[in-house]
Amino acid sequence: MTPPINENLIRDIIQEVLERLGPTGASSSNTQSQKPATTQPASPQSCPCSQESPDSPKKSQGRIGLRGKFGIFQDANEACEAAQEAYLQLSEKGVAGRNTVVRIVKDICSAKAVEWGKLELDETKIGRLDHKIEKLLGLRAVPGVEFLNPYGLSGDHGITLEEYAPFGVIGAVTPSTHSIPTMACNIISMAAAGNAAVFNAHPAAYRCAVTAARVFNEAIYRELGIENLACIIEPPTLESFAAITKHPNVKILCVTGGPGVVKAAMSSGKRAICAGPGNPPVLVDGTSNLDTAARCVVIGAAYDNNLLCIGEKEVFVLEPFFDKFMAALEKQGAVRLTDAQVERLAKEAFPTPQSKSGGPSHPVLNRELVGRDAAVLAKIAGLEVPASTPLLFAETGPDHLFVIEEQMMPFLPVVRVKSVEDGIAKAKIAERGYKHSAMIHSYDVANMTAMAKALETTLFVKNGSCLAGLGNGGEGYPNFSIATTTGEGICNPRTFTRIRRCVMVDKLRIF
Ligand code: NAD
């Protein structure tokens, strides 16, 4: 897509060219020895402005090589340069500018929810259109600038203010499971806090993110004159990730994904906010309404074909209530598989590749089945079900691969347990120490407390679907980056700030 040419852009370019040529520019423009204006500085070292301080205001006036890109860069170093410039431009626009960015991103996500939901589904082939649309519409509730209330102190020695200041440029990695929604809510949170960002999207979900980034940047440029606030690499590679992590303009990282990217970010040498993997267990102790529990479990586990990191991935049910709960799942439209059907599905879902050394090999998750429809999985299991089937389920043992692996597909293993203690112990093993999310269906406060203490998860939902943990059916705000591994929790504008203290000694206290 060609960026629209408008008067502001042409004016910026002409002004930039004249500035570069200097006061004698008009006459020297025909001189052979005149060096052409450098277009795309590949690195901070080769940048023609490298003698300046990287934070100097002059740099924020814009560089010609970065014009007309609207955030889309093939070169990660250029993207980091452009984002730095955008960060400085955003600083000049003040709090009003940040509010404008937040409004623009939310409005566009609402207006484009259907179009972009389809775009993402077409590219990734995973998940469900209705939920992809809902995820984009739900971004309206992501907190903005209002979340940054400074902390004030007042006493005999004057007043002190602790402010939430921006870092500058943030390097961000987004997952295949919610590409545009994660990028959009990252932009909202990061820009609300005064930052710019450079994104490395998942290679299987980057085209839709590039489209969205261009639309965001064009709209931000039209209102604020900032072209590259949310930069993205096209196409993303491991090399571009490495370049982003190494670039001096990038002050922190925010990665959302599985164990591989979390490890890579944490060994990069930069501070990393890591929204890592999960395998959320559910405990049903029989003290609450089993139909409600089953309804909530189906809503959460079937959502976007189980792509949510917070989504219910396995259920532990106390023995006396097991059969009733299984029947309740069927009442909610979920389809039960036999043992043989589960094993047929498991063989495809967790194939064991040939080991190169000829030694023992381990089953690995078949990414081809992640986020596919329940009807597709049923077919593999040897069963025809209506296309509208939200979820498959079956009884399995606690050690089954479907229980201990984060399968991200609409098949839910249900495990019979002897007691609450047994259920909590097995849920803890299944959660694998990710400290991500867990759910309980119970009216017994002691059971709730015991499970919360044992699992120590970032989200713990009682008597609701996992979605309630992100404000959908429960109190709270949403975000698609839940910093589990590094402990920042559900990301919000404050996550992307550094705290600065301003102290006035003995004066300005007004009483
Ligand atoms: P993934 O780990 O395959 O990819 C995530 C991102 O990391 C992608 O952009 C990918 O290109 C990149 N990546 C992977 N390995 C990398 C490496 N070694 N170096 C640099 N970049 C690398 O995950 P996915 O399938 O896209 O997403 C699903 C995973 O993400 C699940 O584990 C899920 O739980 C997790 N997730 C977590 C959250 C959260 O908020 N905690 C949100 C969404 C997804």
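Parameters at a glance
- The residue numbering used here restarts from 1 in each chain and proceeds along that chain's sequence as written.
- The model is predicted, so local features are restricted to residues of pLDDT at least 70 and side-chain atom pairs to those at 80 or more, both for listing and for counting; the totals for chains, interfaces and linings are taken over all residues.
- In this usage, the nonpolar core is the set of buried Ala, Val, Leu, Ile, Met, Phe, Trp, Tyr and Cys residues whose C-beta atoms join them within 7 Å.
- Our exposure labels follow a C-beta count within 10 Å of each residue's own C-beta, placed from the backbone: buried means 20 or more other C-beta atoms, exposed means 12 or fewer, and partly exposed covers the counts in between.
- Strands are runs of DSSP state E lasting at least 2 residues, helices are runs of H or I lasting at least 4, and numbering of each runs from the N terminus.
- Annotation comment: domain bounds sourced from an automatic or database domain assignment.
- Throughout, a residue-residue contact means that the two C-beta atoms, derived from backbone geometry, are no farther apart than 7 Å.
- Only the stretch in contact is used when fitting a helix axis, every axis being a line fitted to C-alpha atoms; angles between N-to-C directions are given from 0 to 180 degrees.
- With respect to orientation, any angle under 35 degrees is reported as roughly parallel, any angle over 145 as roughly antiparallel, any angle of 65 to 115 as roughly perpendicular, and every other angle as oblique.
- Should the near helix be turned counterclockwise from the far one by less than a right angle, the crossing is left-handed, whereas a clockwise turn marks it as right-handed.
- Confidence per residue, as judged by the predictor, is encoded in pLDDT with a range of 0 to 100.
- The pairing criterion for strands is at least two bridges between them, as found by DSSP.

### Regarding the nonpolar core
Okay, step 1: Counting 151 residues, the largest nonpolar core has A83, A197, V198, F199 and A209 as its most contacted members.
Okay, step 2: With 15 residues, the single largest contributor to this core is helix α3 (residues 76-111).
Okay, step 3: Two domains each donate at least three residues to this core, and these are domain 1 (55-275) and domain 2 (281-351 + 363-476).
Okay, step 4: The residues touching A197, leaving out its near neighbours within four places in the chain, are A83, V169, I170, A172, N186, I187, M190, A230 and C231.

### As for the packing of α3 against helix α8 (residues 238-246)
Okay, step 1: Viewed as axis vectors pointing N to C, α3 and α8 meet at an angle of 40 degrees, and their least axial separation amounts to 8 Å. The angle between α3 and α8 places the two elements in the oblique class. Judged by the sense of rotation from one axis to the other, the crossing of α3 with α8 is right-handed. Contacts from A76, N77 and C80 in α3 reach S240, A243 and I244 in α8.

### Some thoughts on the confidence of the model for the chain
Okay, step 1: Counting all residues, the mean pLDDT for the chain is 90, and 87% of those residues have values of 70 or more.
Okay, step 2: Ignoring residues within four places in sequence, the model shows residues 1-5, a span with pLDDT below 50, making 6 contacts including any to other chains.
Okay, step 3: Within the model, the stretch residues 20-60 combines pLDDT values under 50 with 43 contacts to residues more than four positions away or in other chains.

### Comments concerning the sheet that holds strand β6 (residues 230-233)
Strand pairing within a sheet occurs via backbone hydrogen bonds; the two strands may be parallel or antiparallel.
Okay, step 1: Strands sit in the order β1-β6-β5-β4-β7-β8 across an open sheet of 6 strands; the sheet is parallel. The open sheet is flanked by β1 (72-73) and β8 (271-275), the only strands paired with a single partner.
Okay, step 2: Bridge count between strand β5 (residues 196-200) and β6: 3 bridges; the pairing is parallel. Each bridged residue has a counterpart across the sheet, and for V198 the counterpart in β6 is C231.
Okay, step 3: Across the sheet, helix α6 (residues 179-192) lies against β4 (169-173), β5, β6 and β7 (250-256), angled at about 160 degrees from β5, the strand it touches most.
Okay, step 4: Strands β4, β7 and β8 of the sheet are contacted by helix α9 (residues 259-266), whose axis makes an angle of about 165 degrees with β8.

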